Amino acid sequence: MANNKQNLTEALKKYFGFDKFKGDQEAIVQNVLDGKDTFVLMPTGGGKSLCYQLPSLLMEGTAIVISPLIALMKNQVDIISSMSDEGTAHYLNSSLNKAAIDQVKADILAGRTKLLYVAPESLTKEENVEFLKQAKISFYAVDEAHCISEWGHDFRPEYRRIRPIINEIGVAPVIALTATATDKVRTDIKKNLGILDAVEFKSSFNRPNLYYEVRPKTREVDKDIIKFIKQHSGKSGIIYCLSRKKVEELAEILKANDIRAAAYHAGLESALRSQTQDDFLMERIDVIVATIAFGMGIDKPDVRFVIHYDIPKSLEGYYQETGRAGRDGGEGLCITFYAQKDLQKLDKFMEGKPVAEQDIGRQLLAETAAYAETSVCRRKMLLHYFGEEYTQENCHNCDNCLHPKTKIDAEKQLVIVLGAIQALKENFRSDYIVDFVIGRETEEILAHKHQNHELFGAGEDYEEKHWNPVIRQALIAGYLKKDVENYGLLKLTSAGKKFLKNPTTFQIVEDNEFAEDYESSTEHEGGTSALDPTLSAMLKDLRKKVSRQLDRPPYVIFQDVSIEQMATDYPMTLEELKNIQGVGEGKVKQPYAKAFVDLIKQYCEENEIVRHADLRVRTVAKKSILKVKIIQAIDRQIALDDIATAQGLEFEELLDEVEAIVYSGTKLNIDYFLDEVMDEDHIDDIYDYFADSETDSLEAAIDELGQECSEDEIRLVRIKFISEMAN
Ligand code: ADP
Ligand code: MG
């Protein structure tokens, strides 16, 4: 054995140039060499590839590596081929031409090919199966094995066909490797690959150097992110968004704020994508804004932060993505922005999918929500999710541990929950149990006639939001467990049964509160910067003066929201003024615009106001597609009612949009339509009214003109007026 050990280390040195094995690598390699089935759970960057590459070079025949990442195959193959003279590596996928395929086949039959990378789609092709039957297979390696399970974060149906294909090609030992797998996923993999007896090598999921934090997602999220990046300027980071559209928008906003950023998603051309990857690796750009497509196989060791702009769909995904930070063991800040509204959006997305898939998707989502809302140590939560117990009281490296909440007693509540679960024969999930204990007569409860159960409503003295933390923290504390076969059904553990008979103290921390809707959440939060009342008053005075000079109402000069934002952000140049809400190109060209920025500049100098440069977020023109379409249609002089119909809007809704467009500073000419639908007198009356009025309020105008003119007419002329006078 000692001899053998030495041999393996020598082989490691010879082929890979490494001096020693990392983690469990050596034991894993030995296990494969011994011809045993093997299951490897090792974090990203842990060195999984070597676990099959090294034995393949030492064994007779060809090892088949099944991997979903076609892009990486070539790369891997090049590396391996350069390492050994005796054998070589190949890949088989849809990108190869006939001649290349023939070469690969010849090498395999001649026994020269030690490693053959195949995508699962290629493996399942009849002709390839037929061919591989003739080859001598040393073993099969299934990389990214979590793809087998619907409960993983990257389910691929073709992975489910691997076992039958292996049986056809010829049975040999199997090694399955993955970086993320809950107990449920692990069981799925082993069952499906038929390797229930595999020797398991499981590394810890703990990444002590990663800092986890969840922040409320407010309307200020872009600003928060820019501020964060500026505080960590020059460092590499990745921002994950769920949609391509958001990826592009956010990348634009970052660039507009002098951050070296680029967008990355699967919809971009592949040349551009590899350029972006390269730029990131070479540090020509600091920040990548990406969908989850980015990062697989990218090995940049010093990514210093990973930001989740949107809540991920599963904790597996979250773990993978955050895992790309701090691979070198240095700083790795993982910040997630969370709003319940986003959950509802994701939930809605699932509606079109098959019921079983929806069910799984919702449960995975519920786990992410639990993680986001909890006040328990994030590391503990995350590790518990992956079936690992974290025993430290305080990890000192997550938001909840740095700002611990006071624990409250929940012994009584736990008795109620455990009692209910037992009484209902351990046949229900968390949501159901909560409904049951608070006594809510849902359809499901009625269907089971549980409203008549003696324990129904046993916990009605406590609010609903109180119960989720009780259940989750009972899971973490080991009083409850989720069934693996029927995922999600709550079962009592033996500790749980004991507790029920003989309750002891049980303390929990209540969840963090998150607003449901991030539009309104900023109101009580007050944002990051405050309105300067003195300046605001001065600007309003100036507005009055200009209004008198030009004989136009004040709101036509600048609306109140614009003044307020000026008194918050202190724009000192016309260029900066454009970033103010309601100020478009047209407004900046007005002769009076200069007077406003000059006033602000002078005010700042006199009062020695230091602007927080990093807080002034420049926005990019991001007119919604709808607004752009409306503007184009109006330019083509299409009747407004036809535009509404074409866009599936009520006429009033269209007016809302058009108003929003002109109020944000874009000029629109709707005369062609007014001339068509209104008589001239009415137009003039309404126009004159607004020219003399102190306010653009619709109610006030209706009070004054309501006898002769309809609300729509008033709104239409107001649009004309604002567009002509203000923009
Ligand atoms: P995984 O697939 O687990 O994410 P990889 O197999 O891609 O990880 O390996 C990650 C990195 O670790 C690679 O750069 C690899 O060369 C390196 N590595 C693997 N094993 C060792 C070792 N024994 N010593 C030093 N570096 C290693
Ligand atoms: Mg890998």
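Note that the structure is predicted; figures quoted are calculated from it, not measured.

Some remarks on the pattern of salt bridges
For side chains bearing opposite charge, pairing can occur when the charged atoms are close.
Argument step 1. Applying the stated criterion across every chain, the model contains 41 salt bridges.
Argument step 2. Measuring nitrogen to oxygen at the nearest pair gives 3.0 Å for the salt bridge that ties D286 to R260. Taken together, the residues D286 in the loop between α12 (270–281) and β11 (287–290) and R260 in the loop between α11 (244–256) and β10 (261–264) connect sequence positions 26 residues apart.
Argument step 3. Take D286: its relative accessible area is 11%, and that puts it in the buried class.
Argument step 4. D347 is the partner of R362 in a salt bridge, and the nearest nitrogen-oxygen pair spans 2.7 Å. Placement of the pair is R362 in helix α15 (residues 355–373) and D347 in helix α14 (residues 340–349), with a sequence separation of 15 residues.
Argument step 5. A relative accessible area of 28% means that R362 is categorised as partly exposed.
Argument step 6. Given a relative accessible area of 26%, D347 falls into the partly exposed group.
Argument step 7. Through salt bridges with shared partners, a single network forms among D183, R186, K190 and E200.

Regarding the packing of helix α18 (residues 411–423) against helix α22 (residues 494–501)
Argument step 1. Remark: α18 packs on α22, axes separated minimally by 10 Å, with the N-to-C direction vectors making an angle of 115°. Regarding α18 and α22, the two cross each other, and that crossing is left-handed. Between α18 and α22, the contacting residues are E411, L414, V415, L418, G419 and Q422 on the first element and G496, K497, F499 and L500 on the second.
Argument step 2. Among the residues making up the contact of α18 with α22, the classes are represented as five nonpolar, three polar and two charged.

Digging into the pairing of β10
Argument step 1. Here β10 shows a buried face lined by A261 and A263 and a second buried face lined by A262 and Y264.
Argument step 2. Looking at chain direction, β10 and β11 are connected through four bridges and run parallel. By the bridge assignment, A261 is partnered in β11 with V287.
Argument step 3. What joins β10 to β11 is α12, and the crossover it makes is right-handed.

Comments concerning the environment of I288
Argument step 1. One can find I288 in strand β11.
Argument step 2. Judged by relative accessible area, which is 0%, I288 ranks as buried.
Argument step 3. Along the sequence, I288 and A262 sit 26 residues apart, while their C-alpha atoms lie 5.2 Å from each other.
Argument step 4. Excluding residues that lie within four positions of it along the chain, I288 makes contacts with G237, I238, I239, A262, Y264, T276, F280 and F294.

A word on the environment of F436
Argument step 1. Inspection of the secondary structure assignment puts F436 in helix α19 (residues 430–438).
Argument step 2. Residue classification places F436 among the buried residues on the basis of a relative accessible area of 0%.
Argument step 3. For the pair F436 and D107, spaced 329 residues apart in sequence, the C-alpha separation works out to 65 Å.
Argument step 4. In contact with F436, not counting residues within four places along its chain, are A420, L424, I445, H450, H453, L455, F456 and G457.

Digging into helix α3 (residues 49–58)
Argument step 1. Extensive coverage of α3 is indicated by the burial of eight of its ten residues.
Argument step 2. All buried positions along α3 are accounted for by L50, C51, Y52, Q53, L54, P55, S56 and L57.

Examining the sheet that holds strand β12 (residues 303–308)
Argument step 1. If you trace the six strands from one edge of the open sheet to the other, you get β8-β13-β12-β9-β11-β10, paired in parallel fashion. In the strand order of this sheet, the two ends are held by β8 (210–216) and β10, each with one partner. Between one strand and the next, the sheet's axes are offset by a mean angle of 15°, whatever the strand orientation.
Argument step 2. Packed onto the sheet, α11 meets β9 (236–240), β10 and β11 and runs at close to 175° relative to β10.

Describing the site of ligand 1
Argument step 1. The local shell around ligand 1 holds 14 residues, among which K20, Q25, G45, K48 and S49 are the closest.
Argument step 2. One of the side-chain nitrogen or oxygen atoms of K48 is found 2.8 Å away from an oxygen atom of ligand 1.
Argument step 3. At a separation of 2.5 Å, an oxygen atom of ligand 1 approaches a polar side-chain atom of S49.
Argument step 4. Protein contacts shield 70% of the accessible area of ligand 1, which totals 560 Å² for the unbound molecule.
Argument step 5. Its residues placed into classes, the shell around ligand 1 shows four nonpolar, six polar and four charged.

Quick look at the nonpolar core
Argument step 1. Counting residues in each nonpolar core, the largest one holds 116 residues, and the members touching the most others are Y52, I175 and L193.
Argument step 2. The biggest single contributor to this core is α15, with seven residues.
Argument step 3. Each of domain 1 (5–202) and domain 2 (210–402) contributes no fewer than three residues to this core.
Argument step 4. The residues touching Y52, leaving out its near neighbours within four places in the chain, are V65, L115, Y117, F139, A141, D143, I175 and L177.
Argument step 5. Membership of the second largest hydrophobic core comes to 39 residues, among which are Y672, F673, L674 and Y687.

Overview of unusual backbone geometry
Argument step 1. Positioned with a positive phi, H396 is a non-glycine residue whose angle comes to about 60°.
Argument step 2. Here H396 shows up in the loop between α16 (378–385) and α17 (399–402).
Argument step 3. Phi is positive for E426, close to 55°, though the residue is something other than glycine.
Argument step 4. Looking at where E426 falls in the secondary structure, it is placed in the loop between α18 and α19.

Focus: α16
Argument step 1. In terms of burial, α16 is a largely internal element, seven of the eight residues being buried.
Argument step 2. Where α16 is concerned, the buried positions are R378, R379, K380, M381, L382, L383 and Y385.
Argument step 3. If you follow the buried residues of α16, they end up packed against β8, α13 (315–322), α15, α17 and α21 (464–477).
Argument step 4. In the stretch just after α16, G387 is the one whose phi turns positive, near 75°.

Re the domain arrangement of the protein
Argument step 1. Domain boundaries assigned for the protein yield domain 1 (5–202), domain 2 (210–402), domain 3 (408–508), domain 4 (533–615) and domain 5 (625–726).
Argument step 2. The C-alpha centroid of domain 4 is placed 37 Å from the C-alpha centroid of domain 2.

About the criteria used
- Residues numbered from 1 in each chain as written.
- Chains lettered and ligands numbered in written order.
- Predicted model: local features only at pLDDT ≥ 70, side-chain atom pairs only at ≥ 80, totals over all residues.
- Heavy atoms only, no water.
- Salt bridge = Lys/Arg side-chain N within 4 Å of Asp/Glu carboxyl O.
- Helix = DSSP H or I, 4+ residues; strand = E, 2+ residues; numbered from the N terminus.
- Buried < 20%, exposed > 50% of the residue type's maximum accessible area, 1.4 Å probe, protein only.
- Axes fitted to C-alpha atoms, helices over the stretch in contact; angles between N-to-C directions.
- Left-handed = near helix turned anticlockwise from the far one by under 90°.
- Contact = heavy atoms within 4.5 Å.
- Nonpolar A, V, L, I, M, F, W, Y, C, P; charged D, E, K, R; others polar.
- Pairing = 2+ DSSP bridges.
- Right-handed = clockwise from strand over helix to strand, strands pointing away.
- Near = heavy atom within 4 Å.
- Polar contact = N/O pair within 3.5 Å; in protein donor to acceptor, adjacent residues only side chain to side chain.
- Areas by Shrake-Rupley, 256 points an atom, 1.4 Å probe, with all protein chains shown as cover.
- Core = buried A, V, L, I, M, F, W, Y, C linked by side-chain atoms within 4.5 Å.
- Domains from an automatic or database assignment.

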